Protein chains: 2
Amino acid sequence: MTTIDIDRPLLEQNDSDAAALRRRFDRQRVFVVNLMSSPGSGKTALLEATLRHLLASGRPAAALVGDLATDNDARRLARSGAPVQQLVTGQACHLEAKRIEQALAGWNLEGLEFLFIENVGNLVCPAEFDLGEARRVVLLSVTEGEDKPLKYPPIFLAADAVLLTKIDLAAAVEFDRPAATAAVQAVAPQATLLTTSVREPGGADGWFQWLLTERSRWLAATSPASPLRPDAHSHE
Amino acid sequence: MTTIDIDRPLLEQNDSDAAALRRRFDRQRVFVVNLMSSPGSGKTALLEATLRHLLASGRPAAALVGDLATDNDARRLARSGAPVQQLVTGQACHLEAKRIEQALAGWNLEGLEFLFIENVGNLVCPAEFDLGEARRVVLLSVTEGEDKPLKYPPIFLAADAVLLTKIDLAAAVEFDRPAATAAVQAVAPQATLLTTSVREPGGADGWFQWLLTERSRWLAATSPASPLRPDAHSHE
């Protein structure tokens with residue numbers, strides 16, 4: 001089978017574009033999170049709740065959202081009051097760094113604490129495309145089946161966190177949580193495993209806390225004075 | 001954005017391979033159904049129930065099942081007693097006709113009434129790849145959200161049927177059925193809209209009936225004597 005998603009020159013160009021984006025995000029102190037999942041795993045619902053929570057906490061946040069067609073998600077997310085831009089991809093099953101760069105051309109990122117990129121709903125294609133993000137998060141709803149990490153490993157391999165979403169539906173779908181946990185740990189032992197529900201009060205608190213903690217870590221690691229920063233002594 | 005899935009020579013080669021497969025299926029009177037959906041929409045559960053039903057009705061049926069990794073689905077489907085083969089695609093987000101041809105190389109299709117191809121779980125990539133099937137079916141679970149046809153139109157455009165699966169969960173997820181119906185009709189007016197549940201007795205009867213009816217229509221249309229058959233007078 002031809003693996004058409006692995007087009008080397010395309011990926012190398014994307015890696016280069018993503019590296020430039022990452023330098024910009026580092027300089028402007030914007031913590032960027034790339035949200036990936038199947039269609040219908042609850043990315044938009046969680047992101048809407050997240051934007052509301054962050055804005056209510058006085059933390060400026062914005063979002064870019066990718067879909068093949070429609071601006072339904074951007075309109076939905078804009079209800080939070082956060083700046084949101086829809087990226088319509090036509091036939092493309094993922095976002096690319098160049099597209100993020102173009103979308104942000106007119107944006108002033110100064111003062112923004114969080115930028116979320118809601119990728120195209122797809123458990124395969126987005127895996128290979130670095131968008132300059134600080135953290136990669138994969139959502140998996142309890143309605144999708146426990147063995148998805150085993151069946152779609154590439155996207156889980158580089159995840160910083162895996163969110164089991166719609167946990168309020170676990171009983172209705174007879175979700176086998178130990179099996180799902182084992183599948184995530186087998187494929188993505190590096191990832192923090194969190195559960196979320198946007199329908200239960202406090203159901204996303206662990207996720208909100210993770211975002212704040214990871215942003216603090218990232219700020220420390222990318223500080224111009226940090227010994228952890230790879231280019232701390234460059235003059236770029 | 002580069003639309004990497006639209007690689008013209010690759011698609012033309014696939015179309016040619018698919019046409020050869022379709023001639024073979026026509027000659028051998030095997031009704032082939034290509035099942036497509038997001039990961040976790042319930043393709044495997046519905047297919048397992050379908051194979052059991054057809055075999056119990058004395059109708060020979062078999063399945064090919066695509067996944068990036070594991071043979072979990074093939075093992076699950078084989079419990080039905082039907083011949084099943086797993087196609088592992090590695091990084092590829094869809095199946096191609098050449099891969100189907102290779103998988104069937106050792107198979108004797110004579111006497112088989114139904115062959116199901118469970119595509120890789122993906123609501124984008126499989127749309128462009130003809131597999132020689134007689135019918136294309138897209139599954140959409142009620143947990144995925146009502147507007148998916150609007151947001152992922154290409155795969156719905158050529159669907160012969162759209163199945164709203166896991167209908168037993170409709171109340172738990174506050175599924176808005178009129179909105180989903182309107183979205184399907186807006187994008188895929190040509191498709192028959194069916195609901196299924198593999199957890200409710202008789203919950204897939206409409207789907208089983210559709211399969212029998214469509215197979216009869218296809219048999220009539222592809223009969224060597226049929227005036228509907230495009231190549232009825234060729235000597236290929």
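Residues numbered from 1 in each chain as written. Chains lettered and ligands numbered in written order. Predicted model: local features only at pLDDT ≥ 70, side-chain atom pairs only at ≥ 80, totals over all residues. Heavy atoms only, no water.

K.L.:
How should I be thinking about unusual backbone geometry in this particular structure?
P.N.:
Residues other than glycine predominantly adopt negative phi, and peptide bonds predominantly adopt the trans conformation. Residue and element names in this part refer to chain B. Positive phi outside glycine occurs at Arg 29, with the angle close to 60 degrees. Topologically, Arg 29 is positioned in the loop between helix 1 (8-28) and strand 1 (31-36). The exposure class of Arg 29 is partly exposed, given its relative accessible area of 23%. Phi at Lys 166 is positive, roughly 55 degrees, even though this residue is not glycine. Relative to the assigned elements, Lys 166 resides in the loop between strand 6 (161-165) and helix 7 (177-187). We classify Lys 166 as buried; its relative accessible area is 17%. (Helix = DSSP H or I, 4+ residues; strand = E, 2+ residues; numbered from the N terminus. Buried < 20%, exposed > 50% of the residue type's maximum accessible area, 1.4 Å probe, protein only.)

K.L.:
Quick question: what am I supposed to make of the pairing of strand 3 (residues 84-88) of chain A here?
P.N.:
All names here are of chain A. In the sheet, strand 2 (residues 61-67) pairs with strand 3 via five bridges, with the strands oriented parallel. Bridge pairing links Val 65 to Gln 86 in strand 3. Assessed by its sense of winding, the connection that carries the chain from strand 2 through helix 3 (residues 72-78) to strand 3 is right-handed. (Pairing = 2+ DSSP bridges. Right-handed = clockwise from strand over helix to strand, strands pointing away.)

K.L.:
Looking at this model, I keep getting lost on the sheet that holds strand 7 (residues 192-195) of chain A. Mind explaining?
P.N.:
Adjacent strands of a sheet pair through backbone hydrogen bonds, lying either parallel or antiparallel. Residues and elements named next belong to chain A. The strand order 3-2-4-1-5-6-7 describes an open sheet built from seven strands, whose pairing is parallel. The two strands at the open ends of the sheet, each matched to only one other strand, are strand 3 and strand 7. On average, adjacent strands in this sheet sit at an angle of 20 degrees to one another, irrespective of strand direction. Packing against the sheet, helix 2 (residues 43-56) makes contact with strand 1 (31-36), strand 2, strand 4 (114-118), strand 5 (135-141) and strand 6 (161-165), and its axis sits at approximately 170 degrees to strand 4. (Axes fitted to C-alpha atoms, helices over the stretch in contact; angles between N-to-C directions. Contact = heavy atoms within 4.5 Å.)

K.L.:
Got a minute to help me understand the interface of chain A and chain B in this structure?
P.N.:
As a measure of interface size, the accessible area lost when the parts come together is often cited. Listed by partner, the interface residues are 48 residues for chain A and 47 residues for chain B. Both sides of the chain A and chain B interface together cover about 3900 Å² of buried area, and 59% of this is carbon and sulfur. If you look at where chain A meets chain B, you find 16 residue pairs in polar contact (both at pLDDT 80 or more). A total of three residues in the side of chain A that touches chain B trace back to one element, the largest contributor, which is helix 5 (residues 148-151) of chain A. For the side of chain A that touches chain B, the residue count by class is 22 nonpolar, 13 polar and 13 charged. (Buried area = accessible area lost by both parts, 1.4 Å probe. Polar contact = N/O pair within 3.5 Å; in protein donor to acceptor, adjacent residues only side chain to side chain. Nonpolar A, V, L, I, M, F, W, Y, C, P; charged D, E, K, R; others polar.)

K.L.:
I keep staring at the sheet that holds strand 2 (residues 61-67) of chain B and nothing clicks. Help me out?
P.N.:
Residues and elements named next belong to chain B. Taking strand neighbours across the sheet as the criterion, the seven strands line up as 3-2-4-1-5-6-7 in an open arrangement whose pairing is parallel. With one partner strand each, in any of the chains shown, strand 3 (84-88) and strand 7 (192-195) form the two edges of the open sheet. Along the sheet, successive strands turn relative to each other by an average axial angle of 20 degrees, direction set aside. Sheet topology note: the strand 2/strand 4 (residues 114-118) ladder contains five bridges and is parallel. Looking across to strand 4, one finds that Ala 63 is bridged to Phe 116.

K.L.:
Help me understand the nonpolar core in this model?
P.N.:
If you look at the biggest cluster of nonpolar residues, it comprises 92 residues, and the most contacted ones within it are Ile 100 and Leu 115 of chain A together with Ile 100 and Leu 115 of chain B. If we ignore the near neighbours within four places in the chain, the residues touching Ile 100 of chain B are Leu 21, Phe 25, Leu 64, Leu 87, Leu 95, Ile 117 and Leu 131 of chain B. (Core = buried A, V, L, I, M, F, W, Y, C linked by side-chain atoms within 4.5 Å.)

K.L.:
Could you clarify how one ought to interpret the state of the cysteines in this entry?
P.N.:
All names here are of chain A. Counted according to the given criterion, the structure contains two disulfides over all chains. Each sulfur of the disulfide joining Cys 93 and Cys 125 lies 2.3 Å from the other. Judged by the sign of its S-S torsion, about -95 degrees, the cystine formed by Cys 93 and Cys 125 is left-handed. In this pair, Cys 93 sits in the loop between strand 3 and helix 4 (97-103) while Cys 125 sits in the loop between strand 4 and strand 5, placing the two residues 32 residues apart along the sequence. (Disulfide = S-S within 2.5 Å.)

K.L.:
Where do I start with the pattern of salt bridges in this structure?
P.N.:
Any two side chains of opposite charge can pair if their charged atoms end up close together. All names here are of chain A. Counted by the stated rule, this structure contains 32 salt bridges over all chains. In this structure, the salt-bridge partner of Arg 75 is Asp 71, at a minimum N-O distance of 3.0 Å. Look at Asp 71 and you get partly exposed, because its relative accessible area is 36%. Note that Glu 101 is salt-bridged to Lys 98, the shortest N-O span being 3.6 Å. In this pair, Glu 101 and Lys 98 are both assigned in helix 4, three residues apart and thus about one turn of the helix distant. Note on Glu 101: relative accessible area 31%, which makes it partly exposed. Through salt bridges with shared partners, one network takes in Glu 48, Arg 52, Arg 76 and Arg 79. (Salt bridge = Lys/Arg side-chain N within 4 Å of Asp/Glu carboxyl O.)

K.L.:
In this structure, what is going on with helix 1 of chain B? I would like to understand it.
P.N.:
Note that an α-helix has 3.6 residues per turn; residues three or four places apart therefore point the same way. Residues and elements named next belong to chain B. With 21 residues, helix 1 should reach 30 Å at 1.5 Å per residue; the first-to-last C-alpha distance of 30 Å fits that figure. Buried residues along helix 1 sit against strand 1, helix 4 (97-103), strand 4 and helix 8 (205-222). The positive-phi residue at the C-terminal boundary of helix 1 is Arg 29, with phi of around 60 degrees. (Expected span 1.5 Å × (residues − 1).)

K.L.:
What is the right way to look at the side chain of Lys 148 of chain A in this model?
P.N.:
Here Lys 148 of chain A shows up in helix 5. You can call Lys 148 of chain A buried: its relative accessible area is 6%. Residue contacts for Lys 148 of chain A: discarding those within four places in its chain leaves Leu 123, Leu 140 and Phe 156 of chain A together with Pro 39 and Gly 40 of chain B.

Function-wise, these values are silent; they only describe arrangement.
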